[in-house]
Every structure is written in C-alpha cells, then in structure tokens.
Amino acid sequence: MVALSAAPRAQDGQATTSGPPIQLARPDASSSPGGAPVVITLADALQRAKQNDATFQTSVADAEIAREDRVQAKAALLPVITNTTQFLGNSPTPNNVVPNGRFVSLDGVRMYREWGVAHQELSANTVTLAPLRKAQASELAAQAKLEVAARGLVVTVTKSYYALVGAERKYATAQQASQQAARFLEITQQQERLGQVARSDVVKAEIQSRQQQQAFREATLAMDAARLALAVLLSPTLDENFTVVDDLGGGPALPPFADVRAMAERGNPDVRAASEALRAAAQDVRAAKNAFYPSLIVDAVYGIEANEFALHAVNADKSEFGPLPTLGYFVTLNLSVPVWDWGGLRSKLHQSESRARQAQVALTQSQRQLMSNLYGMYNEALTAKSAVENLQRVAELAAESLRLINLRYQAGESTALEVVDAQNTFVQSRNAFDDAGARYRLALAELQTVTGSF
C-alpha cells in the first residue's frame, strides 16, 4: 500500500501560522528520565503494558493462585507426616505416696513424648480424586481467562497506540492545512492590492486561515491527549519520553473466513474457560455426593512416651523390671458415618447441582457468542480493509484537486470558495484515510481475540 506523503512536523505547540501557540500543561519532566526519546513499536508497547496494567496482572495472580490450589488439593490426598515433642509435668502427691502423681492418665510425675505422626484421611473423595480434578479444571479455566485478558490487553494497547499514530498524522495534516490557508490568505491579499480579486476573497481566505489555525491547535491537543493515554499503559511514572513507530499501513493481511473460523473453533479461550468451569462444577457435584459416604481417618504414631527422654526408661509402676525399651508405635482408626445433619449435606448437593446447570448454560452461551462475534468482527475487518483502499485513493485525488484549483485560482479561473472547499476536502480525506488505517488495525486486533494471532 502506498503511503501518502506528509509535511514535516513542527515541535508540539508551535504554530506555523499567525497567532500565539497554546502552551499545554504536561507532566513534570523531572519525573521522566532524560536523554533521547525511546522508540517504541507496538510489540514493545504490549510488553510494557503487561507489566503495568492492573486488570492483566489480576488475571496473572488468579492463574498463579489457581495453580497453588491444585498443588494444595493434590497434597491433601496424601499422608501428612509431622513430628511433635512434648513434656508433660504431673503434680506429685504428698510424700510421693502415689508415684504416678495426681493425674491418673499419666504414669509418672514427668513424662516425655517424641512422636512421628502419620495422618491419612480415606474417603470417597480420596478414591475419586474429585477435589484434585476440580482444582485442575479451575487452573485450566484461570489460564484460559489469563489468555482472554492478554488478548483484551492487545486490543486496548492497539487502540491507544494507533490513536497516537493517527493523532500525529492529523497533527501533520492540520499543520500543512494551516500553512496552505496562510499562504492562500497572502495570495488573496496580494491580488486584492493589485485589483485582481474582490475584498470578499480576502475575507473568505482569512476565515479559512483562522479556522485552520484553530484546527491545528485542536490537533495538537488531541495528539497530547493520545500520548498521555498511551503513557498510562506503558509507564508506572507517566513517562512521555517516547516516540511511536508509524506502521499504520503495515498490518497483517486478512485471512479467508474459512481459515479464521477454523482458528476460532480450535483455540478460543472464552469457550475453553467456560468448558473448564463446567468440568469444575461437575467435580463439585461429585464431591457433594461423596460427603454422604463414610470416611476413615488413620493416625499412626511412632516414637517414645516415657518418664525419661531416653530410648530405655524405668516404669514407675514396674520398677522391678529395670529399664525397658521406650520406642514403639500405636495406631488410631476413626470411622465416621454420616447419620443426620438436618439436611446440610443435601443442601450443599443442591447448590453444586445448580452451579453445574448454570455452568452448562454459560458454556452454550459462550459458543453462540463466539460465532456471533466471529461474523461481526470479520465483517468489520473486511469493511475497514476496503475503506483503507478506497480512502487512500480519495486522499490522493483530493491532494491533486487542491493543487489544480490553486493553480486555476492564481490564473484567475477559479473562485476563493472553490479553493476553500478543496482545502477542507483535502483535510477531511487525509483524516478519513488515517482513521480508516487505525480502524483496520483495531479490527484485526479485535478479531484476534477470537482466533488468536495470525
């Protein structure tokens, strides 16, 4: 695609026509690092925005939390090993009448425990792995949502990036138009002095010149606002010391619809997130049903429980046997059978079934919305591409028309109204062409939220 030439740009806020320039307020330069402006491409902007955008970072944190939930769910299915060291001090009886002390649960005034404990809960959830499978599905759903957030961020950055590129182009166009209007005013004033044109031509030219001056100031403001909006995404300190690469005409080609549809059906993260959410809801239902079955808790202890912190100790009641081994084990088995809970378990089952039905509806809705978005976004990109090609030719014709009408006016064959109309048409066509280019790039970015990169 052939790009239209633009006049060299003046410094921000410096008008090339009469009238004082507007000194716009900008962030304190001391908050930005000095040196030459950093050249930023669209890829650079996307990378920087991922570090600074709060919404995207929230999705990153959600994915990391979901990953840790999966690790914890897996760990909860495995035995837990702990170690405990205790000293139990028993209140003695007067004159040590009872050597075991006052607390009948102990066998001496002093007792030491050094235990290694293994704890394992065996339930229907342990067999079916429902909590782990739910956590795995939730992790995949969070990763899909992270991809959705990443694609959405591409749209946001693309919109802001090309808004600045378009604003800079419109700035250059407004600057050129202001210069042309000022030159036209000079020509009409000269020809009026020579008696070649009427006073009305000078009045019309001055009106046009002042309008273009104001349009130039408005373009300066729009460019400054677009730069600020992009700086919010790129820098945590609102650093404006950067320039963007104008690649508005270098976007990727639009693939055929059949290829686009295949890409959408293969890798859409919205549908994948809804599918994994449904799978997690199904595991919730299974876990709620498993709560109706008995569970078995096993606690196995190995270590010492003696009156001395040693591998051999004298039992206070059996001192005649001398030191005896203290190392040993004991096992506790606790079988819990649900009998009656006033409907609490059944209520939880009903809740999980309701969430599963809602997840199913959300999945089918996502699938329908995917196809609707696909058709709408593809048609928008197709129309935007056609607009770029058409408006490029219009802008070229408007530039040529302005050149010819200026020559005719200087030869006395055209009116001032025709010149002004040609100038306005030139500005409008150039701006429309730039808007079409930005629209096409944004349409491609939105389409790729459905299909992925192409």
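Visitor: Would you take a moment to explain the overall build of the protein chain for this structure?
Guide: Counting secondary structure elements, the protein chain contains nine helices and eight strands. By the compact-globule yardstick of 22 Å for 454 residues, the protein chain is too spread out, its C-alpha radius of gyration being 39 Å. For the protein chain, the spread of C-alpha atoms along the principal axes amounts to about 140 × 50 × 35 Å. The buried share of the protein chain, reckoned over its 454 residues, is 39%. In the protein chain, the share of contacts with a sequence separation of at least 24, taken over all contacts with a separation of at least 6, comes to 82%. Of the roughly 25100 Å² of accessible surface on the protein chain, 57% is carried by carbon and sulfur atoms.

Visitor: For this particular structure, what's the right way to read the pairing of strand 3 (residues 110-122)?
Guide: Every regular strand shows the same layout, with side chains that alternate between the two sheet faces. As defined by bridge partners, strand 2 (residues 80-89) adjoins strand 3 across ten bridges and the pair is classed as antiparallel. Paired with Thr84 across the bridge in strand 3 is Trp115. Note: strand 3 against strand 5 (residues 295-306), eleven bridges, orientation antiparallel. In the sheet register, Val117 faces strand 5, and the bridge partner there is Val301.

Visitor: How should I be thinking about the nonpolar core in this particular structure?
Guide: What tends to happen in soluble globular proteins is that the nonpolar side chains get buried as a cluster. Core analysis: the largest hydrophobic core is formed by 31 residues, its most contacted members being Leu254, Val260, Leu370, Leu374, Tyr440, Leu447 and Val450. Within the residue set of this core, elements represented by two or more residues are helix 6 (257-267), helix 7 (269-290), helix 8 (344-410) and helix 9 (416-451). Broken down by element, this core gets its largest block of residues, 14 residues, from helix 8. Here Leu374 is in contact with Phe257, Val260, Arg261, Ala264, Leu447, Val450 and Thr451, once residues within four sequence places are set aside. Core analysis: the second largest hydrophobic core is formed by 29 residues, Leu42, Leu153, Met223 and Ala231 among them.

Parameters at a glance
Residues numbered from 1 in each chain as written. Predicted model: local features only at pLDDT ≥ 70, side-chain atom pairs only at ≥ 80, totals over all residues. Heavy atoms only, no water. Helix = DSSP H or I, 4+ residues; strand = E, 2+ residues; numbered from the N terminus. Rg over C-alpha atoms; globule rule 2.2 N^0.38 Å. Buried < 20%, exposed > 50% of the residue type's maximum accessible area, 1.4 Å probe, protein only. Contact = heavy atoms within 4.5 Å. Areas by Shrake-Rupley, 256 points an atom, 1.4 Å probe, with all protein chains shown as cover. Pairing = 2+ DSSP bridges. Core = buried A, V, L, I, M, F, W, Y, C linked by side-chain atoms within 4.5 Å.

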